[in-house]
Amino acid sequence: MANEDKRILVVDDEASIAGAISYGFRREGYRVDTAFDGEEALAKAASFRPHLLVLDVMMPKLNGFDVCRRLENREETGIIFLTVKNDIVDKVLGLELGADDYMTKPFDIRELIARAKALLRRLENQGREKETKAVEIGELSLSADNRTVKLNGKSLELTPKEFDLLALLLTRPNRVYTREDLLDLVWGMEYVGGARTVDIHIQRLRKKLGEPYQALLQTVYGIGYKGLGELP
């Protein structure tokens, strides 16, 4: 997909920052729209359907975290958070909500564009290489084709990264991954949250799966994690 076919929505309540970011992406040939608060961001995301959302955290009406929670078609949209904060708690929260990357102001727009390009390439590759493999373990079923997980006949609500992590582990049972492997394969780059990001997502998945299915995600002490192909 050429740059001109990719849509980027830039959301920041500071017009000068939004303008500078938008100008940088337009120079690279992308289609760009802007919004200046959380409510406008949701409205434009619904109509513009961006491939990438560059999203400020601290905004009026709705903050960036709230926008991320309410965003529709999240599996189709990459998200890069922008913030003046340098708090690891905020960064981990953003990743938990499904963000793909996180940059702290002030930042170099050239670095932002480079990260955006890498993220868009990864999302495009994931779309092309989407697995057809389905997993069924007892009352748990996972379809990589339509990105759904059902347990006891009911759909599990997972963030995009939770789904990607679960699908990777369950479609390759008994393969052991280090935390660094999982960061690279699921997130695609090294994050400020580091290996702790993987641990948090595993904990959240186990809680959502509940007994006995949480046992499908096994900790390999001193190394990382593996998925099982059947209940232990």
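Just above sits the structure.
Residues numbered from 1 in each chain as written. Predicted model: local features only at pLDDT ≥ 70, side-chain atom pairs only at ≥ 80, totals over all residues. Heavy atoms only, no water.

Engineer: Any chance you could explain the packing of helix α6 (residues 160–171) against helix α8 (residues 195–209) here in plain terms?
Structural biologist: Angle between the axes and distance between the axes are the two parameters that describe a pair of packed helices. The geometry of α6 relative to α8 is characterised by a closest axis approach of 10 Å and an angle of 85° between their N-to-C directions. Judged by the inter-axis angle, α6 sits roughly perpendicular to α8. Seen from α6, the contacting residues are Lys161, Glu162, Leu165, Leu166 and Leu169; seen from α8, they are His201, Ile202, Arg204, Leu205, Lys208 and Leu209. When grouped by side-chain class, the residues that make up the contact of α6 with α8 number six nonpolar, one polar and four charged. (Axes fitted to C-alpha atoms, helices over the stretch in contact; angles between N-to-C directions. Helix = DSSP H or I, 4+ residues; strand = E, 2+ residues; numbered from the N terminus. Parallel < 35°, antiparallel > 145°, perpendicular 65-115°, else oblique. Contact = heavy atoms within 4.5 Å. Nonpolar A, V, L, I, M, F, W, Y, C, P; charged D, E, K, R; others polar.)

Engineer: Looking at this structure, I do not really get the packing of aromatic side chains. What am I missing?
Structural biologist: The relative placement of two aromatic rings is captured by the distance of their centres and the angle of their planes. The final tally for this structure, using the stated rule, is three aromatic pairs. Each ring, one from Phe25 and one from Tyr30, has its centre 5.8 Å from the other, and the planes form 80°; the classification is edge-to-face. Across the pair, exposure class does not vary: Phe25 and Tyr30 are buried alike. Every member of this aromatic cluster is reached through a ring pair, and the members are Phe65, Phe81 and Tyr102. (Phe/Tyr/Trp six-rings, centres within 6.5 Å; stacked < 30°, edge-to-face > 60°. Buried < 20%, exposed > 50% of the residue type's maximum accessible area, 1.4 Å probe, protein only.)

Engineer: How do you make sense of the pairing of strand β12 (residues 224–227) when you look at a structure like this?
Structural biologist: A regular strand places its side chains on the two faces of the sheet in alternate fashion. Sheet topology places strand β10 (residues 177–178) next to β12; two bridges connect them, and they run antiparallel. Pairing of Thr178 across the sheet is with Gly224, part of β12. Direction of pairing for strand β11 (residues 217–220) relative to β12: antiparallel, over a ladder of four bridges. For Val220, the partnering residue across the bridge sits in β12 and is Gly224. Between β11 and β12, which pair antiparallel in sequence order, lie three residues; one of them, Gly222, sits at a positive phi of approximately 85°. (Pairing = 2+ DSSP bridges.)

Engineer: Would you take a moment to explain helix α2 (residues 38–48) for this structure?
Structural biologist: In an α-helix there are 3.6 residues to a turn, and that puts residues three or four apart on one side. Listing the buried residues of α2 in full gives Gly38, Ala41, Ala45 and Phe48. Seen from one end, α2 has its buried residues packed into an arc of 100°, which puts them on one side. Looking at α2, the residues exposed on the side facing more than 90 degrees away from the buried face are Ala46 and Ser47. Buried residues along α2 sit against β1 (7–11), β2 (31–35) and α3 (64–70). The opening residue of α2, the one whose side-chain oxygen lies 3.0 Å from the backbone nitrogen of Glu39, is Asp37. Arg49 occupies a position one or two residues after α2 and carries a positive phi of about 50°. (Arc of directions from axis to C-beta. Polar contact = N/O pair within 3.5 Å; in protein donor to acceptor, adjacent residues only side chain to side chain.)

Engineer: Please explain the environment of Thr83 as it appears in this structure.
Structural biologist: Topologically, Thr83 is positioned in strand β4 (residues 78–83). Not counting chain neighbours up to four residues away, the residues in contact with Thr83 comprise Asp56, Val57, Tyr102, Met103, Thr104 and Lys105.

Engineer: Looking at this model, I keep getting lost on the pattern of salt bridges. Mind explaining?
Structural biologist: A side chain of one charge can pair with a side chain of the opposite charge when the charged atoms of the two come close. Going through the model one piece at a time under the given rule, you end up with 15 salt bridges. For Asp56, the salt bridge identified is with Lys105, shortest N-O distance 3.3 Å. One end of the pair, Asp56, is in strand β3 (residues 52–56); the other, Lys105, is in the loop between β5 (101–104) and α5 (109–128), with 49 residues separating them in the sequence. Given a relative accessible area of 14%, Lys105 falls into the buried group. In this structure, the salt-bridge partner of Arg69 is Asp66, at a minimum N-O distance of 2.9 Å. With Arg69 and Asp66 both in helix α3 and three residues apart, the pair spans about one turn of that helix. In this structure Arg69 comes out as partly exposed when scored by relative accessible area, which is 44%. For Asp66, a relative accessible area of 24% corresponds to the partly exposed category. (Salt bridge = Lys/Arg side-chain N within 4 Å of Asp/Glu carboxyl O.)

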